[in-house]
Structure formats: C-alpha cells, structure tokens
Amino acid sequence: QNLRFPDAIRHHYVSSLATVEFAAQNSRRLVDEFYEARRRSIQLGHEGPVRDYFLLLGTCPQRAARLAELLRNNGLDVQRVSKSVKADCTEIRTSEKGRREIPSGSFHISVAQPAGRLARVLLDRQVDLEQEFIERQIQRNADRFPDEIYDVTAWSLPLAFGVDCLATVGPVEVASAPWSGAPLAGQVIGGRAKVAYLVPGQDAALPALLSWLRKGLRIHVADRDFRMGDNDCPRGTLILRTSENPDTLHDTMKQAAKDQGLRILASNTGLVSDGAQLGGPHVKWVRPPKAALLVDRPASYAAGHTWYLFDQVWRYPITRVAGSNWGRLDLGAYNVLVLPDGDYGGREGPGEKDAGRLRQWISEGGTLILIKRAALWATQKPVALLSVQAKNKPSVAQAGVKPVADKPPADSPAEPAAQPADPSPGVFLRASVFREHWLTFGCPDTVDVFYQGNVILTPPDAAKGRGLVTLAAPTDVLTSGFCWPETLELVAQTPYLLHESLGAGHVVAFTDDPN
C-alpha cells in the first residue's frame, strides 16, 4: 500500500497524541528516570575516567569560544579558569599524556554536572561502536549489502573545531568562575597607527578581511613571517597601510577588535625587526573576490553549505547561478567560481564546450574551486582541468588474482570498469599541511579533517601542482570513527586539498566538503 501525504500527517498527529498520553500516564516514572540519569551523570564526574575538560585558547581563541558557546547552549555548565594550574592531562587530539599547564582564561567543563554524559559524548576523541556491530558491518560490506550505520561514526567537537582540549583523569583543584557567554575581548595595541595596522592570521581575521573588502579598504598580506618590535607576525598577517585607506581606518580597526575579538597591532614605522618587509616582494595585494556559486542541478543540496558560509558566517556576497543557466553565465564578471558537490558527469552537467570556456577563464586569471565530485569531474579526459586521476579499488589483475579460465583476459574490452572505494561513513582523518602556500595561511602543521564519501585523488605531479593538505600513512590516518580497512588504505597519503596553476589562474580541489 502506497502512503500519501495525508497519511503522513495523520500518523504524525496520532503518534503525537500517543506520546502525550503515555507521558501523562507515566509522569512520575519519567521524572524519576530523568532525575536518576542526571544524578548518575554527576556521579560519573566524581568516579569516572575523566573528571574535567579544558578548552585552551591557544592560537584560535575565537574558535574555542564558539565551541564553549555551543556547549553552553546545549545545557552544559561552562566556566573560565581564573588562575593557571598544572595537572596530569590527556590531550584529546593526540592522546598524549603528561603534566600540562592549563592557562588562565581557558574554558572549564566539569563532568560532575547533570549533563556530564553529554560532555563525554561531545568532547571525547572516540566513542567506540560495539565490536559485534562492527564485525557485522564488515561482513555485510563483504557480501555487498548496505551497511546499518546511521549518519556518521565520529563527532568529536574538539576535532571538528580544531581546538586544543585537555582531559584530566583525576581530581584537580581549579579556580574557575561561571562564563556568561560574553565574547572574548579584542584590542588595538599601540593606539593610532602612523604607518599601518597589522592583523595576524587569527580565526576572526577572515570575516574581518571580507568585511573590510566590502567597505573598499585596500589590504595586503605577508607570505613570510616577520617581527615588528616585540610582536611576532606569522605568514598570513594582514597589512592595512594608513596612506592607502581613509582617515576613518583607526575607528574601523577599533570596531573590528571589539566585534571580532581581534588583536590588532598599530605600527608607527615600516621598519621590521626581522623577516618580510612591509613593502617588499613578500607582501601581496588582496584582490577582492567576485564570487559565483553553482546551485541546482547538477549541483547537489550540499551547495547550501557554501551559500551559508558566505551569507551567514562571512557576510560576503556571492552570486548563485542555476545549473540551467550554466551556458549563459558571463564568467568575465567573476574571478572566483565554486562548483559544489554534484553529478557533473550526468546529462545535466557541463559539456565539453563549457569545460573549454572554464579553461580559458582560468588561464586568464580566474580561480575555480571544486568540491568532492566536482573535483572528480575535472579529472576526466574530455574536461582535464586537473592533471590528477581518481584512485579506485585495485582491479583483479592489480590485486594479483589470476583470472578464471573461461573469462576474458584483463586487457580485453570486457574488463569491468574500475570500482570506487567503499564510502567512508563519516570519520576524522589526520593530515599534514604544506604551510608555504597562500591557501594554508593560518593553518598548523597537522589538522584533522572530516571525511565522508569515496572521492580519492592521486597526488599531483610536482611540476603541475601540489597537495596542500595530505592525509597521513595508513597506520596513522584514522583519528576518530570507523572506516572500512580497504578505504583507509586507498585514502592514505592522498591529497585532501590540492592546488594546480593553469595559465594566470588557479584550480583548487577538495576531496570532501570543508564546510
């Protein structure tokens, strides 16, 4: 029997009434069980293997504050450490154990609270699936049945936010006070600048940069480290010269420091103590992006991730272009084009003529950003916007299996097409970062990236491009979650983010959606 929309409405209505009736009839039992669950959570914080979590501000204080705010909004009590303390800790990301200093200002989440179990689930690096369940999924996969995994297998928020998190295994006497959720304070150091304002590449520097570009400010960026007086300015530091910007620049900097929590340095000299000079060859002008985003078919609903990033997080305009208007798109009106995940090889995808237009636009200075299956499409021979290839499961011949006598040889036309890897069910993978490229400004040496799917690309030839974020070796690549062993072998030591030059332009490819 086919279910129709009115049936769904009726079923929702009936199930809602049934839930209300059950709650009314068992109200005392529900309250008792709720109370007992919360009591056991508090007890877990006194007797369990983890007593406290600490989110360190480190080099990404705004990101740590956003994570703390998310925890607070979901019912967890979050406090701020008021005095530095040393304790025996485990680093969530690396599992390294040792005595660490927890600086003043860090966010403190005690497990001994009514939502303590929620803290464990959200902040631990790994929540193990039952071994019996894993073995059943591996067998189902071998038998070519769909798995029974719901959603993803990794969700550690410190990994997702890239925030250093320490867990203590024993009681810690820590001075902390309730956090109201107030944003972290920023400041302009040095008063009104005579020469330039310097903005190190912090979390909030990118939204601030885009805000300033919208206001028409002229901004440069240093691609080498330098030192101004007693202040270290890492590569990726933004430079706003007073001579190139309006007299209101100081007020703009003060407002950004307040709104974004930025630490901005005011400089009264152009003479650096060490490193890249403010006007030398290692300081580049930031060209304001004029961005377009493909939406609707052939793009998938994942286009909404990028749209949200521009519209709600960065507050920067991006033109949405329907796939049906692809052929009429005036590429010359834009210098950045984002192709989100989608089925670009299908009937509604761009044709060979469209690929030729793209190639010409890139060679004249455009930047093409490819996400997931869009990157796969760009590797195909008629398109050839990327020099890399898709990495698939080894064929029977590659695997060293002798063909059956009555089957055609492996090089015959009847050889089956290469099969992609089994899709990863949502895991965190460890990756190294090539930090000498402008695309990795502000990134640490290693990161944990979320990976869901089976888009795997071969490493680019050194003469044509570079892997900027490269996944670790098979024994080290899995940080959190469960993944098929064969998929881990295939994805290890391949690029998650790569860059290739094409004429005066750039092709940037992600093997999964970074948003």
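Check the entry above for the structure.
If you're wondering where the values come from, they're calculated on a predicted model, not measured in any experiment.

Colleague: Is there a simple way to explain the sheet that holds strand E2 (residues 79–81) in this structure?
Modeller: The pairing of strands in a sheet happens through backbone hydrogen bonds and is either parallel or antiparallel. Strand order in this open sheet of seven strands is E4-E3-E6-E1-E5-E2-E7, and the pairing throughout is antiparallel. Here the strands that pair on one side only, and so sit at the sheet edges, are strand E4 (97–102) and strand E7 (176–178). Within the sheet, the average angular offset between the axes of one strand and its neighbour, ignoring direction, is 40 degrees. In this structure, E2 lies alongside strand E5 (residues 107–110), joined through two bridges in antiparallel fashion. Residue pairing in the sheet places Gln79 in a bridge with His108 of E5.

Colleague: Quick question: what am I supposed to make of empty space enclosed by the protein here?
Modeller: Here the idea is plain: a probe the size of a water molecule rolls over the atoms and shows the empty space left. The tally for this structure, following the rule as stated, stands at one cavity of 30 Å³ or more. Here the largest cavity is characterised by a volume of approximately 40 Å³. Together, Val121, Asp124, Arg125, Gln126, Val127, Thr153, Ala154, Trp155, Ser156 and Ser480 line the largest cavity.

Colleague: Even after reading the chapter, I still don't get the pattern of salt bridges, so can you show me in this structure?
Modeller: Side chains bearing opposite charge may pair, as long as their charged atoms lie close to each other. As enumerated under the stated definition, the model contains 21 salt bridges in all. Among the salt bridges present, the one from Glu148 reaches Arg140, with a minimum N-O distance of 3.9 Å. For Arg140, a relative accessible area of 24% puts it in the partly exposed group. In this structure, Asp445 and Arg435 form a salt bridge, with 3.6 Å as the shortest nitrogen-oxygen distance. Of this pair, Asp445 sits in the loop between strand E21 (424–433) and strand E22 (446–453) while Arg435 is found in the loop between E21 and E22, placing the two residues ten residues apart along the sequence. Overall, the relative accessible area of 32% leaves Arg435 in the partly exposed class.

Colleague: Can you help me understand helix H3 (residues 61–73) in this one?
Modeller: It helps to recall that an α-helix has 3.6 residues per turn; residues three or four apart then point in one direction. With 13 residues, H3 extends 18 Å from end C-alpha to end C-alpha; this agrees with the ideal 18 Å at 1.5 Å per step. Inspection of H3 places Pro61, Gln62, Ala64, Ala65, Leu67, Ala68 and Leu71 among the buried residues, and these make up the whole buried set.

Conventions and cut-offs
- Residues numbered from 1 in each chain as written.
- Predicted model: local features only at pLDDT ≥ 70, side-chain atom pairs only at ≥ 80, totals over all residues.
- Heavy atoms only, no water.
- Pairing = 2+ DSSP bridges.
- Helix = DSSP H or I, 4+ residues; strand = E, 2+ residues; numbered from the N terminus.
- Axes fitted to C-alpha atoms, helices over the stretch in contact; angles between N-to-C directions.
- 1 Å grid on protein atoms, 1.4 Å probe; cavity = no way out; pocket = protein on both sides within 12 Å on 5 of 7 lines; lining within 4 Å.
- Points joined across faces, edges and corners; volume = space filled by probe spheres on them.
- Salt bridge = Lys/Arg side-chain N within 4 Å of Asp/Glu carboxyl O.
- Buried < 20%, exposed > 50% of the residue type's maximum accessible area, 1.4 Å probe, protein only.
- Expected span 1.5 Å × (residues − 1).

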